[in-house]
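Descriptive analysis of the structure
As a plain string of letters, each chain reads:
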Amino acid sequence: MPIKTTKLVTLLLAVSLIFITDGFAGERQTRQYFQKIKNNPSRLRLFLKTFPKGGELHNHIDGAIFSENHIKWAAEDNKCINTESFIVKFAPCDIKNKTVPVSSLFNNDSLYNKTIDAFSVRNYQWGKRSGHDQFFATFEKFAIADFGHFSDMLAAVTFRSEKQNLHYLELMQSMGMPQAWIYAGKQPQFKNNPDTHTLINDKKLKQIMQQTLKSLDKEEALWKQKLHCSSEQPAPGCQVTVRYLAQVIRTFPNDQILAQTILAFMLVQNDPRYVGINFVAPEDAPITLKNYTKQMQIIRDVAKNFPQLQHRISLHAGELVQGLVTNEALAFHIDEAVNIAGAKRIGHGVDIAFEDHAEQILKKMAQQKIAIEINLTSNDIILGIKGKKHPYQLYFQAGVPIVLSTDDEGVLRIDLTHEYQRAVETYHLSYNTLKTFSRNALQYSFLDGKSLFSQYEKNKFNRVCAKSNFKKMSEACKKFLQKNDKARLQWQLEKAFLEFESHYL
Ligand SMILES: [Zn+2]
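It should be emphasised that the depicted structure is a prediction, and the values quoted were computed from it without experimental measurement.

**Some details on the overall build of the chain**
The helix and strand inventory of the chain stands at 20 helices and 13 strands. C-alpha extents for the chain along the principal axes are approximately 90 × 55 × 45 Å. Taking all 505 residues of the chain together, the buried fraction comes to 45%. Relative to all contacts within the chain whose residues are 6 or more apart in sequence, the contacts with residues 24 or more apart total 75%.

**Here's the deal with the sheet that holds strand S5 (residues 166-173)**
Spatially, four strands are ordered S1-S5-S6-S7 in an open sheet, and the strand pairing comes out parallel. Each end of this open sheet is capped by a strand with a single partner; those strands are strand S1 (53-60) and strand S7 (274-280). If you compare each strand with its neighbour and ignore which way they point, the axes differ by 25° on average. Alignment of S1 against S5, held across five bridges, turns out to be parallel. Residue pairing across strands places Glu-56 opposite Leu-169, the latter belonging to S5.

**Looking at the environment of Thr-30**
By the secondary structure assignment, Thr-30 is in helix H1 (residues 3-37). Beyond its immediate sequence surroundings of up to four residues, Thr-30 is in contact with Tyr-431, Glu-501 and Tyr-504.

**A look at the environment of Ala-118**
With respect to the secondary-structure elements, Ala-118 resides in helix H4 (residues 109-118). Between the alpha carbons of Ala-118 and Thr-138 there is a distance of 6.4 Å; along the sequence they are 20 residues apart. The contact partners of Ala-118, leaving out residues within four places of it in the chain, are Phe-86 and Lys-141.

**Notes on the nonpolar core**
Judged by nonpolar contacts, the single largest core of 97 residues is most densely connected at Ala-259, Ile-262, Leu-263, Phe-265, Val-268, Ala-337 and Ala-343. Examining the composition of this core, we find that 10 residues originate from one element, helix H10 (residues 254-270), more than from any other. Both domains that meet at this core, namely domain 1 (3-52 + 469-502) and domain 3 (164-429), each give it at least three residues. The next biggest cluster of nonpolar side chains, apart from the first, holds 13 residues, and it includes Ile-381, Ile-385, Val-411 and Ile-414.

**Notes on the sheet that holds strand S4 (residues 99-101)**
By way of backbone hydrogen bonds, the strands of a sheet pair with one another, either parallel or antiparallel. Taken in spatial order, the three strands line up as S3-S2-S4 in an open sheet, and their pairing is antiparallel. At either end of the open sheet lies a strand with only one pairing partner, and these are strand S3 (88-89) and S4. Relative to S4, strand S2 (residues 80-82) runs antiparallel, the two being bridged by three bridges. Pairing of Asn-82 across the sheet is with Thr-99, part of S4.

**Digging into the packing of H10 against helix H11 (residues 286-303)**
Axis separation between H10 and H11 bottoms out at 10 Å; the angle between their running directions is 35°. Crossing angle aside, the handedness with which H10 passes H11 is right-handed. On the side of H10, the interface is formed by Asn-254, Ile-257, Leu-258, Thr-261, Ile-262 and Phe-265, while H11 contributes Asn-291, Lys-294, Gln-295, Ile-298, Ile-299, Val-302 and Ala-303.

**Considering the pairing of strand S9 (residues 345-348)**
In terms of strand pairing, strand S8 (residues 314-317) meets S9 through four bridges, oriented parallel. Along S9, the bridge assignment pairs Ser-314 with Arg-345. As for the winding sense of the linkage, the β-α-β connection from S8 through helix H12 (residues 333-339) to S9 is right-handed. Sheet analysis places S9 next to strand S10 (residues 371-374), joined by three bridges and oriented parallel. Residue pairing across strands places Arg-345 opposite Ala-371, the latter belonging to S10. Running through helix H13 (residues 358-367), the crossover from S9 to the neighbouring parallel element S10 is right-handed.

**Re unusual backbone geometry**
Between Ala-91 and the following residue, Pro-92, the backbone shows a cis peptide bond with an omega angle of 5°. With respect to the element layout, Pro-92 can be found in the loop between S3 and S4. For Asn-78, which is not glycine, the phi dihedral falls at a positive 60°. With respect to the helices and strands, Asn-78 occurs in the loop between helix H3 (67-76) and S2. Given 13 C-beta atoms within 10 Å, Asn-78 falls into the partly exposed group. Located in the positive-phi region is Lys-369, a residue other than glycine, with phi close to 55°. Mapped onto the elements of the fold, Lys-369 is located in the loop between H13 and S10.

**Considering helix H14 (residues 376-383)**
Judged by how many residues are buried, H14 sits mostly within the fold: six of eight residues are covered. Listed in full, the buried residues belonging to H14 are Leu-376, Ser-378, Asn-379, Ile-381, Ile-382 and Leu-383. Buried residues along H14 sit in contact with helix H5 (131-146), S9, S10, helix H16 (409-412) and helix H17 (416-427). Count one or two residues on from H14 and you reach Gly-384, which has phi positive near 75°.

**Regarding the confidence of the model for the chain**
Chain-level statistics for the chain give a pLDDT mean of 94 and a share of 95% at 70 or above. Contacts for the low-pLDDT stretch residues 11-20, under 50 throughout, to residues beyond four places or in other chains number seven contacts.

**A few points about the packing of helix H7 (residues 177-185) against H10**
Packed helices, taken two at a time, are described by their axes: the angle between them and the distance between them. Orientation of H7 relative to H10, taken along the N-to-C sense of each, is 135°, at an axis distance of 8 Å. In terms of their interaxial angle, H7 and H10 are classed as oblique. For the pair H7 and H10, the crossing hand works out as right-handed. Contact residues: H7 offers Met-177, Ala-180, Trp-181, Tyr-183, Ala-184 and Gly-185, while H10 offers Asp-255, Gln-256, Leu-258, Ala-259, Gln-260 and Leu-263.

Calculation rules
Residues numbered from 1 in each chain as written. Predicted model: local features only at pLDDT ≥ 70, side-chain atom pairs only at ≥ 80, totals over all residues. Helix = DSSP H or I, 4+ residues; strand = E, 2+ residues; numbered from the N terminus. Buried ≥ 20, exposed ≤ 12 C-beta atoms within 10 Å, placed from the backbone. Contact = placed C-beta atoms within 7 Å. Pairing = 2+ DSSP bridges. Axes fitted to C-alpha atoms, helices over the stretch in contact; angles between N-to-C directions. Core = buried A, V, L, I, M, F, W, Y, C linked by C-beta atoms within 7 Å. Domains from an automatic or database assignment. Left-handed = near helix turned anticlockwise from the far one by under 90°. Right-handed = clockwise from strand over helix to strand, strands pointing away. pLDDT = per-residue confidence, 0-100. Parallel < 35°, antiparallel > 145°, perpendicular 65-115°, else oblique.

The following block contains the structure:
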């Protein structure tokens, strides 16, 4: 071997060795530091805020907005608010109907504070409503405040995410859905067991899909402009990768659910920014309870027409608690979401222990890597389930992949760091478990492309990138990362871990 090559090989080996040694030492020291501070809430908050979080997979963008932003945007648009119901309306305001300009709240502390409370769960415990009723009542109140502000919503959510070292957001949003349900409500072809294969070519739904994508182009361009993403000093938020789940509002009759579901799959098929679908709105609403099985069958039947998208279904299921609904309703929702609709992730899953086939479902979720999206604060406030009563341990012990998420961080007035902290304080997570949850949020995301890992549980990189590291990357690995969104973000997260842990060396 020529001398030059030998030297180069030695140098490379030395660099890799330093990298590996630093990596291991960094992780060990960080683990030790974490053990020392995990019972100190302020230190833990500081630690977890900068701890790299792979992604968030259960985040409704409308629920992610804080009351203060709803008020600000509504005031800018000269919108009005009813001083009794706190529902925001379009101008003109009419004092006879008890509507006043939202801008007047800035000179009225009492009304301003009541509005903040009405748009969120702040102080709900002092009112007469349950957390459940307060939570679900907020959305109708601020809906019009956010009208025309999707780019501002994106800016607010991504800004907050980047400041918490969060790399990826899979945001749920309903653009185009109202048009789909209004259209289907007037059309006979969606009623009485229609042939879904014909309906997936429905011209009007295609038109709605195209209009939705156009609006999204416009809103995304504005979002990036607002954060100065192409300038030399981009604001926090520009580095966060955003993808969408098309959310079907489930509290509608079956024909309107069908049209929304078809639109959702069309969006995923036609635009890479849409990576999956979800069903949202209260699972305990009378219409959802009545039609739950039919809703799962609609998903299955529509998905058959989009075979390449069948792994892109995440569903809210089991967001229920004994007493809220009948015992019979507690017995099968997660089961049917997995076994009829083919969900690849479950949101909440709180009532798992009340399901008839709980053990089999847990086993299937663990074996087939159907992840559970756990929302601790949301479950506490909406369902009154927390601590030992929460099935977190059941899922964890069964080996079901877990991701932590906020659900509706604005209405709940929390952030993802808060949920990591809550999990650490309640279930005494180890540093390694925290890292696993963070990695899970990319591994079980619906991001396009292959995983960086050939053996995910063993943290083993796939062959193409096995010999690459953050100081030296092979051309093949570089190309692989360019082609595969999932792997690229996973690489980015591993790098972020290395940087984070180097602070504790
Ligand atoms: Zn949710």
